[in-house]
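# Structural description and commentary
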Amino acid sequence: MSFEHILLEKKAAVGIIRFNRPKSMNALCQPLFAELSEALDDLESDDAIAAIIITGNDKAFAAGADIGEMVEASYQQMLADEGLNRQWDRIANCRKPVIAAVAGYALGGGCELAMSCDFIIAADNAKFGQPEITIGTMPGIGGTQRLTRLVGKARAMDMCLTGRMMDAQEAERAGLVSRVVPLESYFEEAFEAASLIAGFSRPVVKLAKEAVNAALETTLTQGLKTERRLFHSTFAFDDQKEGMKAFIEKRKPVFKHR
Ligand code: HXC
């Protein structure tokens, strides 16, 4: 499988997708979105892969959708493009865990793609923003919705209406990112986290991801019910027996992912 705008690598049980348009700060052109979807299809259907990292380079995760490509687009085209609209949601629809490893700029669609991942590990030079307002448009793939859920109305309004950026430290305080680490080690940190997750029971990881996502979609009462059902269902897996037995026997569990 060869790509022009991304790099795809498989390292042990971790799939790594790297945006690869360094000259344009990894601006997200349409072919890049198509390649991203294709790469995710491949990683999701590959049984050897248990966790995914999406990353860019040290200067930019992605500075947003490709402005040059969008400048002359019509309303009709934006509305009609089913493929592209589906591709914008591709990360959020991934059932395997996805970590965003973000260094440098994550702006506009770049910030939105990072927020579509399950969590964000940020380098200390990361900058997050929804600057669409400064170019006469607004966020279109989650910037007003996911950002508001993650950081609250005040900060989301501030970012979407003024276009100001948040640095990594503010993003961590605000709950947008799970950890901030030195630039030199952000990818290794993400890889370690992905490898750790990949070593746990894969079906149980899937259920835990589903349960956390339910928290953003429903009421507390309904979310707690969903969680309880999913928790009960982990007792149907050999891996739950193995995990608890291993603890009691003071040894490492050997999960069989069933
Ligand atoms: C196309 C882009 C780009 C983008 C940067 N470049 N961002 N090209 N689309 N989103 C290109 C520049 O034109 C330039 O190309 C090269 O990358 C380097 O960028 P500079 O601006 O020279 O670098 P710098 O001064 O360091 O500034 C970096 C920056 C700035 C702060 C990230 O480039 C910037 O503000 N970019 C736009 C951010 C933005 O508005 N994003 C939202 C897009 S709309 P040349 O050829 O001159 O070297 C969006 C909507 C999403 O994301 C909803 C649908 C998916």
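Residues numbered from 1 in each chain as written. Predicted model: local features only at pLDDT ≥ 70, side-chain atom pairs only at ≥ 80, totals over all residues. Heavy atoms only, no water.

Between side chains of opposite charge, a pair can form as their charged atoms come close. Considering all chains together, one arrives at 13 salt bridges under this definition. Ionic pairing is found between R155 and E170, a salt bridge with its closest N-O pair at 3.2 Å. Of this pair, R155 sits in helix α7 (residues 153–162) while E170 sits in helix α8 (residues 168–174), and the two are 15 residues apart along the sequence. Among the residues examined, R155 registers a relative accessible area of 29% and is labelled partly exposed. Two residues, R251 and E249, come together in a salt bridge whose shortest N-O distance is 2.8 Å. The exposure class of E249 is partly exposed, given its relative accessible area of 47%. Residues participating in the shared-partner salt-bridge network are R155, D158, R164 and E170. (Salt bridge = Lys/Arg side-chain N within 4 Å of Asp/Glu carboxyl O. Helix = DSSP H or I, 4+ residues; strand = E, 2+ residues; numbered from the N terminus. Buried < 20%, exposed > 50% of the residue type's maximum accessible area, 1.4 Å probe, protein only.)

Turning next to the nonpolar core. Taken as a class, soluble globular proteins show a tendency for nonpolar side chains to be buried jointly. By size, the foremost hydrophobic cluster in this structure holds 46 residues, and its most contacted members are F19, I54, F61, V102, L113, F128 and L176. Of the residues forming this core, the biggest block, six residues, is contributed by helix α1 (residues 30–45). For F19, the contacting residues outside a window of four places in its chain are H5, I6, N26, L28, L32, L36, I54, T55, G56, F61, A62 and L113. One finds V14, I121, A193 and I197 within the second-largest nonpolar core, a separate group that totals 21 residues. (Core = buried A, V, L, I, M, F, W, Y, C linked by side-chain atoms within 4.5 Å. Contact = heavy atoms within 4.5 Å.)

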